[in-house]
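Coordinates in review
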Amino acid sequence: MKKEEILKIFKEKGIKPSYQRIRIFSYTTEKKKHPSVDEIYESLQREIPTLSKTTIYNTLKLFVNKKLLSEVLIEEDEVRYDYIEKPHFHFKCRSCRKIYDIYKECPIVDCKEVDGHKIEEHHIYLIGICKNCLNKNG
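This write-up is about the structure you can find in this document. (Residues numbered from 1 in each chain as written. Predicted model: local features only at pLDDT ≥ 70, side-chain atom pairs only at ≥ 80, totals over all residues. Heavy atoms only, no water.)

Comments concerning the side chain of Thr59
Test applied: In this text, helices come from DSSP runs of H or I with a minimum length of four residues, and strands from runs of E with a minimum of two, each type numbered from the N-terminal end. Note on classification: 1.4 Å probe, protein chains only; a residue is buried when its accessible area is under 20% of the maximum for its type, exposed when over 50%, partly exposed between these limits. In protein, a polar contact requires one atom able to donate a hydrogen and another able to accept it; more generally it is a pair of N or O atoms within 3.5 Å, and residues adjacent in sequence count only if both atoms are side-chain atoms. By the convention used here, residues are in contact when the closest approach between their heavy atoms is within 4.5 Å.
Within the fold, Thr59 resides in helix α4 (residues 53-65). Residue classification places Thr59 among the buried residues on the basis of a relative accessible area of 6%. For Thr59, the side chain forms a polar contact with the main-chain oxygen of Thr55, separated by 2.7 Å. Thr59 has contacts with Arg21 and Ile24, leaving out every residue within four places of it along the chain.

Encoded structure:
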């Protein structure tokens, strides 16, 4: 995503742009790999030596609160982050541990309520073996 696009999104969401915020957001949207805080830190620390994990956590929390990113919590010990472009599900491979975006129709996602309960968010996670690992293992 180009810097101009990011600045426009930040302005719409009321986020003050900083170099660190722009790079963190850019990383999460460019890589499409549902990064963790550690992955973001490892990738950006050479470019931004003053970057701390605390800054990353605070920035990601801001982005989640502003509905730019969502937390992907497939397993208890691991939080990943995902850019919210359009509704989708997540598939995590037990073998290679990659997370894939799945764009499929699902009737429950279109519901605004279920049995009188108001639905505000949807989180659907699938776990199994991805096609790449299946092909490798025959």
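And the narrative resumes.
Here we look at the nonpolar core
What counts is decided by this rule: The criterion is simple. A nonpolar core is a set of buried Ala, Val, Leu, Ile, Met, Phe, Trp, Tyr and Cys residues joined through side-chain atoms within 4.5 Å.
Phe10, Ile24, Phe25, Leu60, Phe63 and Leu69 are the most contacted members of the largest nonpolar core, which totals 21 residues. Of all the elements in the fold, those that place two or more residues in this core are α1 (3-13), α2 (19-31), α3 (37-44), α4 and β2 (78-83). Residue contacts for Ile24: discarding those within four places in its chain leaves Ile40, Leu44, Leu51, Ile56, Thr59, Leu60 and Phe63.

Digging into the packing of aromatic side chains
Remark: the centre distance and the inter-plane angle together describe each pair of aromatic rings, the angle taken between the planes. Just so we agree on the cut-off: For Phe, Tyr and Trp, rings pair up if their centres lie within 6.5 Å, where Trp contributes its six-membered ring, and each pair is then called stacked (planes under 30 degrees apart), edge-to-face (over 60) or tilted (otherwise).
Applying the stated rule across the entire model yields 5 aromatic pairs. When the ring of Phe25 is compared with that of Tyr83, the centres are 5.5 Å apart and the planes differ by 85 degrees; the resulting orientation is edge-to-face. You can see Phe25 sitting in helix α2 and its partner Tyr83 sitting in strand β2, a full 58 residues away along the chain. Assigned by exposure class, Phe25 and Tyr83 land together as buried. In textbook terms, an aromatic cluster arises when at least three aromatic residues are bridged by ring pairs, as seen for Phe10, Phe25, Phe63 and Tyr83.

Overview of the pairing of β2
For a regular strand, the rule is simple: side chains alternate between the two faces of the sheet. Just so we agree on the cut-off: Whether two strands pair comes down to DSSP finding at least two bridges between them.
Most of β2 is tucked away: 5 of the 6 residues are buried. In sequence, strand β1 (residues 69-75) turns back onto β2 through a hairpin of 2 residues.

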